[in-house]
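Notes for the structure review
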Amino acid sequence: MDIKITSGKVSTSKVDALFIPIFKETKKFEGELKQLDEALNGGISKLKKQQKFDGSIGKTLAVPTFGNLKAEYIILIGAGSKKDADLDIARRVASSAVRFSKNINASKILIDVNEFASQVKENEDELAQAFVEGAILGGYKFDKYKSKKDNFEVKTLVLRVSRKNKSKAEEKAKIGKILAESQNFTRDLVNTPPNVINPEKLAEIAQDLAKEYGFEVKIYDEEECEKMGMGAYLAVARGSANPPRFIHLIYKGKNPKEKVALVGKGLTFDSGGLNIKPGDYMRWMKSDKSGACAVLGIFKALGELKPEGIEVHGIIAAAENMPDGKSYRPDDILTAKNGVTIEVGNTDAEGRLTLADALCYASEQNPDLIIDMATLTGACVVALGEYTAGVMGNNQRAINEVLETSKKTGEWMWQLPFNDMLREDIKPPNADVYNIGKSRYGGAITAGLFLEKFVPEKTPWVHIDIAGPAHTTSGWYYHPKGGTGFPVRTITTLLLNKSKK
Ligand code: BES
Ligand code: MG
Ligand code: ZN
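Residues numbered from 1 in each chain as written. Chains lettered and ligands numbered in written order. Predicted model: local features only at pLDDT ≥ 70, side-chain atom pairs only at ≥ 80, totals over all residues. Heavy atoms only, no water.

Donor atoms from the polypeptide that coordinate the magnesium ion (ligand 2) comprise Asp270 (OD), Asp348 (O), Asp348 (OD) and Glu350 (OE), at 2.0 to 2.2 Å from the metal. If you look at the magnesium ion (ligand 2), its 6 donor atoms make angles of 72 to 167 degrees with each other, and the shape they trace is irregular. Positions of the donor residues of the magnesium ion (ligand 2), expressed as sequence spacing, correspond to D-x77-D-x1-E. The distance between the magnesium ion (ligand 2) and the zinc ion (ligand 3) comes to 3.2 Å, with Asp270 serving as a donor to both metals. With Asp270 in strand β9 (residues 258-270) and Asp348 in the loop between β12 (341-343) and α11 (351-363), this residue pair connects regions lying 78 residues apart in the sequence. We classify Asp270 as buried; its relative accessible area is 2%. Overall, the relative accessible area of 23% leaves Asp348 in the partly exposed class. (Donors = N, O, S within 2.8 Å, 3.2 Å for Na, K, Ca; no water. Tetrahedral: all angles 85-135°; square planar, octahedral: opposite > 155°, others 65-115°. Helix = DSSP H or I, 4+ residues; strand = E, 2+ residues; numbered from the N terminus. Buried < 20%, exposed > 50% of the residue type's maximum accessible area, 1.4 Å probe, protein only.)

Okay, here's the thing in structure tokens:
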């Protein structure tokens, strides 16, 4: 999607559709909207009344101009109540506009951001970015494997802003485009089936990215991981006919002052292993690689944006969890890279085993911060619902940084508390730590507490359990069904903020 920013009059714009956000509170038209209405003999206000268009979020009222104006259609698009207006509402409005455009085959559209911005407290340039993000995210589709493709697409999006904010909006819109396209890249990877993306293929994708953007990349095979002492990760991988690949990407911005390690859970498929998942629970487990795919999406964004002042390491212990004669079993005792011994209670709690070695490896890079993202526990989805990620860690400042950033990006996150009583829950009879808790209660937290054993206390670390929001079977807001690309925008934005410091 091409993005253009204009500060001219909307009525002079030759587009297929001109979208004007309307709040619920809007009773009568003013300014340019009034002029457009007059040019159509009051047709817009008449239809608005007749059709009881009330500005509800995402609702549309399309008025054909029959050659009386440069645009083919004037479309009122509901922006909800002014008091609720924020960046995420802007994303939702833009997404609705793009999706509606398909009905009228409008491939060049304009959204009047200024009409929205002039009535709310958010900055116009940040709103412009949000409109771009919503448009690109909302227009996403995954039809690579369909014989009959939907060829419609909004090719050009023009955003109208005030003259004084034009250049700032241009800058922000560019960032928004890269963030959303990187998120769509992650969605593509998550949606790609497990017979296509196995650990080797994931490593190839990382290598392709490295080539395209000039990142350093190291790929370790089974033997090399064995030498490094990754006993937990390799145990998980052993039951699969597809060999594991340990991926390490490095982005070095100019004059790096801060080093961040990103760790993504990369189970290209999670059958549960010998503790095999029953029927429906195994569906969508191709999305168990979502954390890894998010890391790759973030690297794509870094490659495009080239932020200075930071060095970023992307670390993925890719594997497939399968039942087999070679599979690891419940009761096995494994030794992770840092020497911690793990008693296996359940082979379906495999993610934390792969992350254990990945976190050890990440810690050895001496980063100032580690962030892991993982579709780790069903318990997190029970606790917070499908749309919110659980955030934990060993450093409240770092946790706050992630939570604050997520408020801007609209990726919902909520902190879950570590506490000492739950630490008791992961003490096993015969080793240092158990890979399951005593009961199902607090399962997202016991998983987080397990991971804590593999990060030195002095290294700030944040764990994001994305089991809920990484994937949607129903679609929500600007997310179509499938992989969502969560939390690409939050983590990239956090890195960009660090780069500015
Ligand atoms: N990949 C799953 C977690 C998951 C569940 C992600 C639902 C997305 C949606 C993970 O490997 C798993 O199976 N966890 C178990 C842990 C349990 C055995 C302690 C779970 O949540 O049931
Ligand atoms: Mg599992
Ligand atoms: Zn899993």
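Time to look at the environment of Lys252. Counting through the fold element by element, Lys252 comes out in strand β8 (residues 245-252). Distance from Lys252 to Ile333, taken between C-alpha atoms, is 38 Å for residues 81 residues apart in sequence. Once residues within four sequence positions are removed from consideration, Lys252 is found in contact with Glu216, Ile310 and Glu311. Side chain to side chain, Lys252 and Glu216 meet in a polar contact 3.3 Å long. (Contact = heavy atoms within 4.5 Å. Polar contact = N/O pair within 3.5 Å; in protein donor to acceptor, adjacent residues only side chain to side chain.)

Once that is clear, we can look at the environment of Asn198. Along the chain, the position of Asn198 falls in the loop between α6 (166-191) and α7 (199-213). With near-sequence residues (within four places) excluded, Asn198 lies in contact with Asn242 and Thr268.

For the rest of this paragraph, the subject is the domain arrangement of the chain. According to the domain assignment, the chain consists of domain 1 (2-163) and domain 2 (184-499). Here the C-alpha centroids of domain 1 and domain 2 sit 38 Å apart. Each partner contributes residues to the interface: domain 1 has 15 residues there, and domain 2 has 15 residues. Buried surface at the junction of domain 1 and domain 2, both sides included, amounts to about 1,400 Å², of which 54% is carbon and sulfur. Broken down residue by residue, the surface that domain 1 buries against domain 2 is led by Leu137, Tyr140 and Phe142, which jointly contribute 42%. Summed over the shared surface of domain 1 and domain 2, the result is 2 salt bridges. In this assembly, domain 1 and domain 2 are joined by 11 residue pairs in polar contact (both at pLDDT 80 or more). Put simply, the parts of the chain that give the side of domain 1 that touches domain 2 at least two residues each are α3 (87-101) and α5 (124-138). A per-class count over the side of domain 1 that touches domain 2 returns 6 nonpolar, 3 polar and 6 charged. (Domains from an automatic or database assignment. Buried area = accessible area lost by both parts, 1.4 Å probe. Salt bridge = Lys/Arg side-chain N within 4 Å of Asp/Glu carboxyl O. Nonpolar A, V, L, I, M, F, W, Y, C, P; charged D, E, K, R; others polar.)

Let us look at the layout of surface pockets. Approximately 1,400 Å³ is the volume attributed to the largest pocket. Looking at the largest pocket, it is lined by 43 residues, and the ones nearest its centre are Lys277, Tyr281, Thr377, Gly378 and Ala379. Elements supplying a minimum of two residues to the lining of the largest pocket: β9, α12 (378-384) and α15 (443-452). Examining the composition of the lining of the largest pocket, we find that 5 residues originate from one element, α12, more than from any other. Residue composition of the lining of the largest pocket, by class: 18 nonpolar, 14 polar and 11 charged. Together, 24 residues line the second largest pocket, and Gly138, Gly139, Tyr140, Lys141 and Phe152 are the ones closest to its centre. Mapped onto the lining of the second largest pocket, the elements with two or more residues apiece are α3, α5 and α6. Sort the elements by how many residues they give to the lining of the second largest pocket and α6 lands first, with 3 residues. (1 Å grid on protein atoms, 1.4 Å probe; cavity = no way out; pocket = protein on both sides within 12 Å on 5 of 7 lines; lining within 4 Å. Points joined across faces, edges and corners; volume = space filled by probe spheres on them.)

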